[in-house]
Amino acid sequence: QDRTPQVLQPMASAYSFAGELSFFFPDELCASIVRSHRETSQCRVEDLQALRWKLFSREEIQAYQNKSVDEMWQHCAIRLTDAVQYVVEFAKHIPGFRILSQNDQIALLKMGSMEVVLVRMSRLFNTENNTVFFDGKFAGTEVFKSLACGDLITAVFDFAHGMCALKLTEQQIALFSALVLINADRPCLEDRGRVQRVQRSVELGLTHILHRDNQDSLMHKLYQRMAVLRSLCGLHMEKLRWFSQRYPLTAHSLFPPLYKELFA
Ligand code: CLR
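Predicted model, so just to flag it, every value in this text is computed and none were measured. (Residues numbered from 1 in each chain as written. Predicted model: local features only at pLDDT ≥ 70, side-chain atom pairs only at ≥ 80, totals over all residues. Heavy atoms only, no water.)

## Some points on the overall build of the protein
Test applied: Only runs of H or I of at least four residues qualify as helices and only runs of E of at least two qualify as strands under DSSP, and these elements are numbered from the N terminus. All radius of gyration figures rest on C-alpha atoms, and the globule criterion is 2.2 Å times the number of residues raised to 0.38. Only protein chains enter the accessibility calculation, which uses a 1.4 Å probe. A residue is then buried if its area is under 20% of the maximum for its type, exposed if over 50%, and partly exposed in between. Only heavy atoms matter for contacts: two residues are in contact if any of them lie within 4.5 Å across the pair. What sets the accessible areas is the Shrake-Rupley method with a 1.4 Å probe; for residues, cover comes only from the shown protein chains. The charge count treats Lys and Arg as positive and Asp and Glu as negative. His and the chain ends do not count. For charged residues, the charge sits on one atom: NZ in Lys, CZ in Arg, CG in Asp, CD in Glu.
Counting its secondary structure elements, the protein contains 14 helices and 3 strands. What you see for the protein is a C-alpha radius of gyration of 19 Å, in line with the 18 Å of a compact globule of 264 residues. Dimensions of the protein, computed from C-alpha atoms along their principal axes, come out at roughly 55 × 40 × 35 Å. Within the span of the protein, comprising 264 residues, buried residues form 49% of the whole. The contacts in the protein between residues at least 6 apart in sequence include a share of 78% that link residues at least 24 apart. Accessible surface, the protein: about 13300 Å² in total, of which carbon and sulfur atoms supply 55%. Positive and negative side-chain charges of the protein, numbering 30 and 29 respectively, have mean locations separated by a distance of 1 Å.

Printed below as a string of structure tokens:
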């Protein structure tokens, strides 16, 4: 199904020269984005299929619900940061991303890593019972009750549901994730022109594989999903500000450094 040329692998990751070059060739850029996604995706969709029956028990759900607000926030912030770490790895292995300045890489990750986490969440989502693979089992919205941000949780689950309805392949998810990340419209970019050029080549790659898969009409739907993502991340930041005001101590000393660096 995906015929990634093996010879590209050591080239793209070992020599920055090859990395610079490969973003001129859409096929090679696509191949390295797909490979990067595969290598940093935490778990394979096929493996999760076998775990679909693994739901949290009533007692386990109760235990999550009995956690205090700040305890549950800390727990989720750690899980979320873990997922973000993999997104950072994903980005670092995209040749077009690595040629950007350090500052622009950070600016793009700050704005886009949470969005990519939410795109990736749809891979771990079971639409039959509205649950997501979290902490080793499938969890419904009720598991997150003690976060006290039901509207965000509902919106995030709805988003995952909508993404699943598109039935994207792993290659399409990989390219879409890269496009979410490499977005020249983000604020605070130093070299917007360069980001734009990379963005265009990723767009070209995505258009190319959608055309190849006979799904050209998906492009429009994916742009709509990007707008929803933006609003979800606005909501996440809003909740985070609310939480930091109410529990400054937890937010300052117990949140993972990367989480604070990217979102605070
Ligand atoms: C995303 C995919 C990862 C596993 C994972 C871990 C934590 C999950 C996250 C996924 C999706 C978003 C999530 C998060 C825990 C809390 C968060 C459900 C499934 C919601 C949106 C609440 C955000 C507020 C927190 C910052 C407290 O492989």
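## Notes on the site of the ligand
How we decide: A single heavy atom is enough: if one lies within 4 Å of a molecule or strand, its residue is considered near that molecule or strand.
In the vicinity of the ligand lie 18 residues, with Q42, W73, M121, L124 and Y259 positioned nearest. Relative to its unbound accessible area of 610 Å², the ligand is 96% covered by the protein chains. Those elements that provide at least two residues to the shell around the ligand are α6 (69–92), α8 (102–121), β2 (131–134) and α9 (150–165). By residue number, the principal contributor to the shell around the ligand is α6, which donates 5 residues.

## What to know about the packing of aromatic side chains
Applicable threshold: Any two of the Phe, Tyr and Trp rings considered here, Trp counted by its six-membered ring, make a pair once their centres fall within 6.5 Å; the pair's planes then place it as stacked at under 30 degrees, edge-to-face at over 60, or tilted in between.
Overall, the coordinates contain 13 aromatic pairs when judged by the stated rule. Residues W73 and F243 carry aromatic rings whose centres are separated by 4.4 Å and whose planes lie at 15° to one another, so their mutual orientation is stacked. Residue W73 is located in helix α6, and its partner F243 is located in helix α12 (residues 218–246); the two are separated by 170 residues in the primary sequence. Relative accessible area serves as the criterion here: at 5%, W73 is assigned to the buried category. Relative accessible area serves as the criterion here: at 0%, F243 is assigned to the buried category. Both rings, one in W73 and one in F255, keep their centres 6.5 Å apart while their planes meet at 15°; by these two values the pair is stacked.

## Overview of the pattern of salt bridges
For clarity, the threshold we go by: Put simply, a salt bridge is a Lys or Arg side-chain nitrogen that is within 4 Å of an Asp or Glu carboxyl oxygen.
Here the structure, examined in full by the defined rule, presents 11 salt bridges. The closest approach of N and O atoms between R212 and D213, which form a salt bridge, is 3.1 Å. What you see here is one network of salt bridges that share partners, running through R44, E46 and D47.

## Here's the deal with the sheet that holds strand β3 (residues 137–139)
Worth spelling out the cut-off: Only when DSSP finds a minimum of two bridges between them are two strands counted as paired.
Spatially, the 3 strands line up as an open sheet ordered β1-β2-β3, and their pairing is antiparallel. Here the strands that pair on one side only, and so sit at the sheet edges, are β1 (125–126) and β3. Looking at chain direction, β1 and β2 are connected through 2 bridges and run antiparallel. From the neighbouring strand, F125 faces β2, where its bridge partner is V132.

## A short note on the environment of K92
Topologically, K92 is positioned in helix α6. Spatially, the C-alpha atoms of K92 and L240 are 26 Å apart, while their sequence positions differ by 148 residues. Beyond its immediate chain neighbours, meaning those up to four positions away, K92 contacts F97 and R98.

## Topic: α8
Residues spaced three or four apart along an α-helix face the same direction, because each turn holds 3.6 residues. Threshold: What a helix should span is 1.5 Å times the count of its residues minus one. A residue's bend is the angle separating two fitted axes: one through the seven residues that end there, the other through the seven that start there.
With 20 residues, α8 ought to run about 28 Å at 1.5 Å a step, and its terminal C-alpha atoms sit 27 Å apart, in line with that. Of all the bends found along α8, the most pronounced is centred on G112 and spans about 45°. With respect to burial, α8 is a largely interior element, 15 of its 20 residues being buried.

## Quick notes on helix α11 (residues 192–212)
Compared with the 30 Å implied by 1.5 Å per residue over 21 residues, the 30 Å span of α11 between its first and last C-alpha is a close match. Listing the buried residues of α11 in full gives V195, V198, Q199, S201, V202, E203, G205, L206, I209 and L210. Where the residues of α11 are buried, they touch α3 (26–39), α7 (95–98), α8, α10 (170–181) and α12. Immediately beyond the C-terminal end of α11, within one or two residues, lies N214, with a positive phi of roughly 60°.

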